[in-house]
Amino acid sequence: MANKRVIVDPITRIEGHLRIEVEVDENNIIQNAFSTATLWRGLETIVKNRDPRDAGFLMQRICGVCTFSHYRAGIEAVENALDIVPPFNAKLTRSLMNQALFMHDHMVHFYHLHGLDWVDVVSALKANPAKAAKEAFKYTDSPIATGENDLIKVQKRVKEFVQRGELGPFANAYWGHETFKFTPEQNLIALSHYLKALEVQRTAAQLMAIFGGKQPHPQSLTVGGVTCVMDLLDPSRMGEYLVKYKEVANFIEHAYYADILMAASVYIKEPSVTAKAGIMNFMSHKEMQLNRSEYLFDTGIILDGDLSKVYSINEDLITEEATHSWYEDDEPLHPYNGKTNPKYTGLKQRATIGIDGQEIESKSIDEKGKYSWMKAPRYDGKAMEVGPLAAILVSYAKGNKKIVKIVDEFLAKANLPKEALFTTLGRTAARALQVKAIIDNGLETFYTLIENLKVDQDTCTTYKIDNTKEYKGRFIGDVPRGMLSHWIRIKNGVVENYQAVVPSTWNASPEDAKGFKGAYEQNLIGLKVKDITKPLEIIRVIHSFDPCIACAVHVMDTKGKDLGVYKVDPVYGSSC
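Remember, predicted model here, so these are calculated numbers, not experimental data.

**Q** Talk me through the overall build of the protein chain; I want residue IDs and the actual numbers.
**A** Along its length, the protein chain carries 19 helices and 16 strands. The principal-axis extent of the C-alpha atoms belonging to the protein chain is close to 65 × 55 × 50 Å. Buried residues in the protein chain amount to 61% of all 576 residues. Taking all contacts inside the protein chain whose residues are at least 6 apart in sequence as the whole, residues at least 24 apart take part in 74%.

**Q** Describe the nonpolar core, listing the residues and the values that go with them.
**A** By size, the foremost hydrophobic cluster in this structure holds 138 residues, and its most contacted members are Tyr111, Phe211 and Phe410. Ignoring any residue separated from it by four or fewer positions in sequence, one finds Tyr111 in contact with Ala190, His193, Tyr194, Ala197, Phe251, Ala255, Tyr256 and Asp259. Of all hydrophobic cores here, the second largest spans 33 residues; its members include Val22, Val529, Ile538 and Ile549.

**Q** Tell me about the environment of Tyr336, residues and numbers included.
**A** Mapped onto the secondary structure, Tyr336 falls in the loop between β10 (318-321) and β11 (348-353). With a relative accessible area of 13%, Tyr336 lands in the buried category. With sequence-adjacent residues up to four places away left out, Tyr336 is seen in contact with Lys472, Gly473, Arg474, Trp487, Ile488, Arg489 and Asn497.

**Q** Quick rundown of the layout of surface pockets? Include the residues and the values.
**A** To locate leftover empty space, one rolls a probe as large as a water molecule over the atoms. Put simply, the second largest pocket is a space of about 550 Å³. For the lining of the second largest pocket, the secondary structure elements donating two or more residues are α3 (67-82), α4 (88-114), β7 (287-289) and β14 (471-479).

**Q** Would you mind going over empty space enclosed by the protein in detail, with residue names and values included?
**A** Overall, the coordinates contain 6 cavities of 30 Å³ or more when judged by the stated rule. The volume enclosed by the second largest cavity comes to roughly 60 Å³. Lining of the second largest cavity is provided by Glu320, Glu321, Ala322, Tyr327, Asp329, Glu331, Leu333, Gly338, Lys339 and Lys375. Of the residues contributing to the lining of the second largest cavity, the split by class is 3 nonpolar, 1 polar and 6 charged.

**Q** Please provide a residue-by-residue account of unusual backbone geometry, values included.
**A** The bulk of non-glycine residues show a negative phi, and the bulk of peptide bonds are trans. Cis peptide bonds are those with omega within 30 degrees of zero, and the linkage from Asp9 to Pro10 qualifies with 0°. With respect to the element layout, Pro10 can be found in the loop between β1 (4-8) and β2 (18-24). Even without a glycine there, the phi angle at Ala145 is positive, about 60°. The backbone of Asp304 sits at a positive phi, close to 60°, despite the residue not being glycine. One can find Asp304 in the loop between β9 (300-302) and β10.

**Q** I'd like a description of the packing of aromatic side chains, backed by residues and values.
**A** Applying the stated rule across the entire model yields 20 aromatic pairs. Ring-pair connections join several aromatic residues into one group, and the members of that group are Phe211, Tyr241, Tyr245, Phe446 and Tyr447. Lying over the aromatic face of Tyr311, Lys309 brings its terminal NZ or CZ to 5.3 Å of the ring centre. Between the NZ or CZ atom of Arg540 and the centre of the ring of Trp118, over which it lies, the distance is 5.4 Å.

**Q** I'd love a proper account of the pattern of salt bridges, names of residues and values included.
**A** One pass over the structure, following the stated rule, counts 34 salt bridges. Across the pair Arg237 and Asp231 runs a salt bridge, and its minimum N-O distance is 3.1 Å. A relative accessible area of 21% means that Asp231 is categorised as partly exposed. Of the charged contacts in the structure, one is a salt bridge between Lys382 and Asp380, with a shortest N-O distance of 3.8 Å.

**Q** Which residues make up helix α14 (residues 424-441), and what values do they have?
**A** Here α14 spans 26 Å end to end across 18 residues, near enough to the 26 Å set by a 1.5 Å rise per residue. Taken across its 18 residues, α14 has 17 buried, putting it largely inside the fold. N-capping of α14 is provided by Thr423, with a side-chain oxygen placed 3.3 Å from the backbone N of Leu425.

**Q** Give me the lowdown on the sheet that holds strand β15 (residues 482-491), citing residues and values where you can.
**A** In sheet architecture, strand pairing relies on hydrogen bonds along the backbone and comes in two forms, parallel and antiparallel. The strand order β14-β15-β16 describes an open sheet built from 3 strands, whose pairing is antiparallel. The open sheet is flanked by β14 and β16 (494-501), the only strands paired with a single partner. Strand-to-strand, the axes of this sheet are offset by a mean angle of 15°, without reference to chain direction.

**Q** How would you summarise the packing of helix α12 (residues 388-397) against α14 if you had to cite specific residues and measurements?
**A** One way to put it is that α12 packs onto α14 with a least axis distance of 8 Å and a crossing angle of 70°. In terms of orientation, α12 lies roughly perpendicular with respect to α14. Along its contact with α12, which presents Pro388, Leu389, Ala391 and Ile392, the element α14 presents Gly426, Arg427, Ala430, Arg431, Leu433 and Gln434. A class-by-class count of the residues in the contact of α12 with α14 yields 6 nonpolar, 2 polar and 2 charged.

**Q** Hey, could you go over helix α7 (residues 148-164) for me, with residue numbers and the actual values?
**A** Between its first and last C-alpha, α7 extends 25 Å over 17 residues, near the 24 Å set by a 1.5 Å rise per residue. If you follow the buried residues of α7, they end up packed against α5 (121-124), α6 (129-135) and α8 (184-212). Gly165 lies just past α7 and shows a positive phi near 70°.

**Q** Hey, could you go over the environment of Asn149 for me, with residue numbers and the actual values?
**A** Tracing the chain through its elements places Asn149 in helix α7. Classification of Asn149 as exposed rests on a relative accessible area of 56%. Sequence-wise, Asn149 and Ile439 are 290 residues apart; in three dimensions their C-alpha atoms are separated by 29 Å.

**Q** Describe in detail the pairing of strand β3 (residues 30-37), supporting the description with residues and values.
**A** The buried fraction of β3 is high, at 6 of 8 residues. Pairing of β2 with β3 involves 7 bridges; the strand directions are antiparallel. Considered in β3, the bridge of Leu18 is made with Ala37. The turn joining β2 and β3, which pair antiparallel and follow one another in sequence, is formed by 5 residues; a positive phi near 65° is taken by Asn28.

**Q** I'd like a rundown of the pairing of β1, residues and numbers included.
**A** Where burial is concerned, most of β1 is hidden: 4 out of the 5 residues are buried. Pairing of β1 with β2, which is carried by 5 bridges, proceeds in the antiparallel orientation. Its bridge partner being in β2, Val8 is matched across the sheet by Ile20.

About the criteria used
Residues numbered from 1 in each chain as written. Predicted model: local features only at pLDDT ≥ 70, side-chain atom pairs only at ≥ 80, totals over all residues. Heavy atoms only, no water. Helix = DSSP H or I, 4+ residues; strand = E, 2+ residues; numbered from the N terminus. Buried < 20%, exposed > 50% of the residue type's maximum accessible area, 1.4 Å probe, protein only. Contact = heavy atoms within 4.5 Å. Core = buried A, V, L, I, M, F, W, Y, C linked by side-chain atoms within 4.5 Å. 1 Å grid on protein atoms, 1.4 Å probe; cavity = no way out; pocket = protein on both sides within 12 Å on 5 of 7 lines; lining within 4 Å. Points joined across faces, edges and corners; volume = space filled by probe spheres on them. Nonpolar A, V, L, I, M, F, W, Y, C, P; charged D, E, K, R; others polar. Phe/Tyr/Trp six-rings, centres within 6.5 Å; stacked < 30°, edge-to-face > 60°. Lys NZ or Arg CZ within 6 Å of the ring centre and 35° of its normal. Salt bridge = Lys/Arg side-chain N within 4 Å of Asp/Glu carboxyl O. Expected span 1.5 Å × (residues − 1). Polar contact = N/O pair within 3.5 Å; in protein donor to acceptor, adjacent residues only side chain to side chain. Pairing = 2+ DSSP bridges. Axes fitted to C-alpha atoms, helices over the stretch in contact; angles between N-to-C directions. Parallel < 35°, antiparallel > 145°, perpendicular 65-115°, else oblique.

Have a look at this one:
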């Protein structure tokens, strides 16, 4: 019997536009998978011939979610090229802003982007609030928003939505799906935290804005340092940061982390989230400066899931190729020499599965040709997974005491083996573990900054650009979705070439010339889908990476040529 093709397009609750196509056999087991970025942007081209000091401000527009990440990367790539070392106060301030970003980003991801893959909201309406209130104490000694009265109010609020047929953000989900495992009471706990997180994420955004001026798109970084010196010297502003930090940290500790423990205790019995990861190569870079010499997370590479050995990163071995990407130059190139000349080849007609389960004629990718706007980054020819799971695994394998403590405590509380980390469940848990590490240790950065300001108030370094010289530099670090690098060449005082190799490009890349797939594709192969008209398992795996496709695709045709026409068909354009 021939395999059936299922298209999920668009993947919702992500940043950007992503299409997943899979081939399933007669048992609905995925035999092949393809990840396609369907839209693109023009930042790498736009920044050319600009003053390099503008790069950070332009590149942060890659994305409206991780704006600080690309802003900082653009600034620090230029600093690296010009051999500029920012003052210690600037480094610490950037680290505090980064901590705020991670806390905001991971919390929003779990509840508002990934949460409905785990939580059956309609089931929560059948819960016993008193029983649910007691259940919450199994996962933390100080539950948040789970008192009996709190839960009664949540139920009433959602029931009114249901009765009016206006589920809002909860609409179009797969309620009652066989792979949902929470009890009604556990669903009610998570639902209450979903709503509470809408409030707390606002505080987390304000945390970033204290030093950034605003969020999204903060404005206080500049080549050489930071410009928020008046905020740093204002005790009330520093106090405001501390108060808001502790408020967000409290929610992370007693709601987010607790809900991950709850999910781990239940979903360990669900095969679709506990299958071994398709790619067992992980890469991360040191991040989150705590003091003059220490970072919270470490640099390294793990190959084949072997935690007994961590390899150093050789930046010369990073390449991007475009064999199956809509660009002209297929060969693997180092980012300093990267090219982004588009070559769109379109889609083709093929029989696929519609939302009613029947075969229909639909536009589909040509998997033997080019099928995505994302390139294929590789390290020494190998596909890698980047992200919070990679950061946790590398630091754990290197014996980082702060991370080892948090991981071992989590595995013990959840009664999970170490192997459970190498799964969709582990990838989702890793985000909570990462912010748990931040809230447990991040205030060391804050107090180090306070002490340093008593004796040193420098926040910016002077420098000069020599227009007769050529420069090249890069930023490499870890951001909420994994290892990010920006690569810049400067000539005649302006940007000659710019390439951003972002986490979602690593994870969502198409096949390379050797037939090796990226993490999205490889992690879907072998997955059993209960109902191909309701592919929750596919959505859950992809969401566990927190896709940011606007970051991953950023090229335009400067001549104004049409590269493709896209139409959203509300009936047959989606299988989800």
